[in-house]
Amino acid sequence: MEFSATTSSYLRLEIGCFSYLQDITDFFFQLCYSMFYVYFVHCILCSRNAFYSIRLFLYLYSCSQCVILTEVSLSLQKKINDFCHAQQPPIKFISADVYGICSRLFCDFGDEFEVLDTTGEEPKEIFISNITQSNPGIVTCLENHPHRLETGQFLTFREVNGMSCLNGSTHQITVVSPYSFSIGNTSDMEPYLHGGIAVQVKTPKMFYFERLEKQLTNPMCLVADFIKPEAPLQIHVAMLALNHFEENFGRMPNIGCHQDAEEMLKLAMSISETLENKPQVNGDIVKWLSRTARGFLAPLAAAVGGVASQEVLKAVTGKFSPLQQWLYIDMLDIVTPLEKMGSEEFLPRGDRYDALRACIGESLCQKLHDLNVFLVGCGAIGCEMLKNFALLGVGTGQDKGLVTITDPDLIEKSNLNRQFLFRPHHIQKPKSYTAAEATLNINPCLKIDSYINKVCPATENTYSDEFYTGQDVIVTALDNVEARRYIDSRCVANLRPLIDSGTMGTKGHTEVVVPHLTESYNSHRDPPEEEIPFCTLKSFPAAIEHTIQWARDKFESLFSHKPSLFNKFWQTYPSAEEVLQRIKSGESLEGCFHVIKTLSRRPRNWTQCVELARVKFEKYFSHKALQLLHSFPLDTRLKDGSLFWQSPKRPPFPDLSEETILKITSSVKVPEFRPSNKVVQTDETARKPDHIPVSSEDERNAIFQLEKSILSNEALQNDLQMKPISFEKDDDSNGHIDFITAASNLRAKMYNIEPADRFKTKRIAGKIIPAIATATAAVSGLVALELIKVVGGYPADAYKNCFLNLAIPIMVFTETAKVRRTEIRNGISFTIWDRWTIYGKEDFTLLDFINAVRVRYQRVFLMQKLVKPSADKKYVDLTVSFAPETDGDEDLPGPPVRYYFVQEDN
């Protein structure tokens, strides 16, 4: 007995999600248990003796936590749901179905279901600038730092000076403005002085569910497409009509059979009357569901399977808000052009694509087979996309069709929980080569070329204009905005469609870019990522993220940056004696003072390593703090009379009382602290200086240290080489994360900041983007659905962008942004997809260029700054602007102008 396609999708995704749970061992045991029983349920429900099968099923599942049904008859779903709902505690019930171009998902977690964390977001921390003595008391947060809270949420307070009774107390808040909220009566409290942090408190929330039987007549649906909010109810009625048709006739409607479609329409009309809202029946939806019900869209199964798998995790963990209670995802946008095709287009032909053909027709299937597609990225989304390509038959045509993939990365251990094409024995192998090999196991007919190049300006010889124009569509599966913007610009320049997507934890997005129809990815700008100010990192950390970044920077400086500079210097100057002579003669050698200091302090045995560590410890966790307090004593006040040391600034308090440290390092001579006149940077807009000036004292010290190293034979050839260490977060044995965790938490302790465990430190220091297989499966499925539309050449209103957050859950489909046309004057206009072309010759001058534009493009005067091209370029793309009609006005924008240096041969 085989799994259904939808069941297989659910189970595979469920395996990839266990990292979200606290007790991995218990969950893995439970997962294996659940996998066996889901398979067993599928077997027994297909058994001929339904009565005994159901009895056996109910007996087996009486002690299970969650039941998942896929493609089971509606009458059987109701029986099993009634049993699950009646248990104490209730067994969580999830059912999902994919029929043709429509899918549905239903959840019932019992009368009451408690969720401990509804969103999964980190609790917000708000720095306080003022609290009023009033009823209600108004809390104001720091300027330019909106709190982003909601009325009804709970906060607890700490480090408040003045209203000390607030510390440790919890209050429900009412939002007053983006920068303030009320907390109840504070009129009897002491006056507020300064400081304080309000921390969001996660509170449990109760969710309420109804049985399937009741929800069938009064469904509570998640509306995903607000352009057609009536669609969920209309699809609900159509799918119920399909269930009744199957039970009445013991089969699905035949492909293209008008009689079956009419019978389904009659059933839909009668079902609609039994529903409380009596929704209007959409005859087109019923007709197309009848026509495609025998078919199956693998990307649609991936999308609904990803959502369903997330609901399984919610059911067994109590984390995230569950779906209440129905979700419908459809592909009804594709049906209009299909109406012109004859029914023979959709009939089976005895190959693996019969189920797909029943949904989209033979012509569109063939276009998918002949497709040339370029997939950039073979990570979590990339693996899912390759699976979808294989199931759709993309790039399998006899004479045409090719899937080209590239990814410069190697497979890491942390990839394995969501990048399902990879296995433990693939670690440290190229992602693209491995993914290509695994995809061929799914569909051996797939033609695939794999590369390990990064797609960037440096590889334009490989990914040239000719390469892009040879592609029918580009699909990106990237993890950074910069790469997305570059590839988008290449797609616009070469008039290629692009489908972009991304995930972050349970959140995901998809975006479709079609030449001449939509705006491009670069047409909108995301807000820039906030950087931690240099002065905050160096002297005034206020959160654990600041100390972790400080520790990461120290790691890079100590073990990578300084050793690299050390090696580079001694490659330029091969002997210490030569360097000493040049310094004594007054010659300035860039970087020599830092290199000499590194050479003189370089430990050469274990004892010296311990001694250096002890000195560094004193410097970072005592002397730095004492210097800061010397520069800014605790009673320092600003010009307006307010205290310097108030939130978010925290004064450091060095603490070196640990007996273990004294016991190990008691024999090490630690330099005494001597205050210096060093200026402490407090300006949050200041950046780290590129070069630090060298004083004459530094120069004298360098000469002394280098002479000492030479005399003691510590500047030999072997001493002039170091081995830089590259930060590697996934090797637990290398000590990198351990160093950063220890350094970060020591600094956090010094500044009275809550420390972080190793897992959190690894996530922040390694800049790990949270990822879960449920979201990547859902997003890649939605991308593949849009790919079908792009291949079919659909109009602009058929394409949909999507944003989803499976934790809440929400799924929002929006129409793509129509391309904007910019008017110049005299009826001349352009879009981002337009390009003017001018062909030159060897003796072409700037005046010739301007005249050519005047002649060809209605004598519009051109203002242009010429760009010198590289020798191998045939053309240069110029950014142009036009002279305004009135002096003093701004120049008018223009389209890109591509200037070819010589006339191309036709």
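Every chain's residues receive numbers from 1 upward, in the order its sequence appears when written. Residue-level local features of this predicted model are given only where pLDDT is at least 70; pairs of side-chain atoms are given and counted only at 80 or more, and the full residue set underlies all totals for whole chains, interfaces and linings. No hydrogens and no water enter the side-chain calculation; it runs on all heavy atoms of the structure.

1. Quick word on the packing of aromatic side chains
Put simply, the test is: Any Phe, Tyr or Trp ring, taking Trp's six-membered ring, that has another such ring centre within 6.5 Å forms a pair; planes under 30 degrees apart are called stacked, those over 60 apart edge-to-face, and the others tilted. Secondary structure is summarised from DSSP: a helix means a run of H or I of at least four residues, a strand means a run of E of at least two, and numbering begins at the N terminus for each. A simple rule labels every residue: compare its accessible area, found with a 1.4 Å probe on the protein chains alone, to the largest value its type can have, and call it buried under 20%, exposed over 50%, or partly exposed in between.
Applying the stated criterion to the full structure yields 28 aromatic pairs. Note on F632 and F644: the rings are 4.3 Å apart at their centroids and 5° apart in plane angle, and the pair reads as stacked. One end of the pair, F632, is in the loop between helix 21 (606-631) and helix 22 (659-665); the other, F644, is in the loop between helix 21 and helix 22, and 12 residues separate them in sequence. By the burial criterion, F632 is buried, and F644 matches it.

2. Things to note about the sheet that holds strand 9 (residues 174-177)
Counted only if it meets this: Any two strands with at least two DSSP bridges between them are considered paired. Axes here refer to lines fitted to C-alpha atoms; in helices the fit is confined to the stretch in contact. Angles between the N-to-C directions go from 0 to 180 degrees.
Taken together, the seven strands give an open sheet; going across it, the order is 8-7-11-5-6-10-9, and neighbouring strands pair in antiparallel fashion. In this open sheet, the two strands that pair with only one neighbour each are strand 8 (170-172) and strand 9. Ignoring which end each strand starts from, the neighbouring axes of this sheet average 40° apart. Examined bridge by bridge, strand 7 (residues 154-158) and strand 8 share three bridges and lie antiparallel to one another. In the strand pairing of strand 8, T156 is matched with T170.

3. Some points on helix 19 (residues 576-584)
Along an α-helix, a turn takes 3.6 residues, which lines up residues three or four apart on a common side. We apply this condition: Here, the arc refers to the directions that run from the helix axis to the C-beta atoms.
Listing the buried residues of helix 19 in full gives A576, V579, L580 and I583. For helix 19, the angular spread of buried residues about the axis comes to 100°, placing them on one side. Where helix 19 ends, the next residue or the one after it, G586, has phi of about 90°, a positive value.

4. Structural notes on unusual backbone geometry
Going from N135 to P136, the amide bond is cis rather than trans, its omega being 5°. For P136, the position within the fold is in the loop between strand 5 (125-131) and strand 6 (138-141). Residue P809 is bonded to the preceding I808 through a cis peptide linkage, with omega at -5°. Phi is positive for L495, which is not a glycine, with a value near 55°. Overall, the relative accessible area of 30% leaves L495 in the partly exposed class. Phi is positive for N752, close to 60°, though the residue is something other than glycine. Mapping N752 onto the fold places it in the loop between helix 24 (736-750) and helix 25 (758-765).

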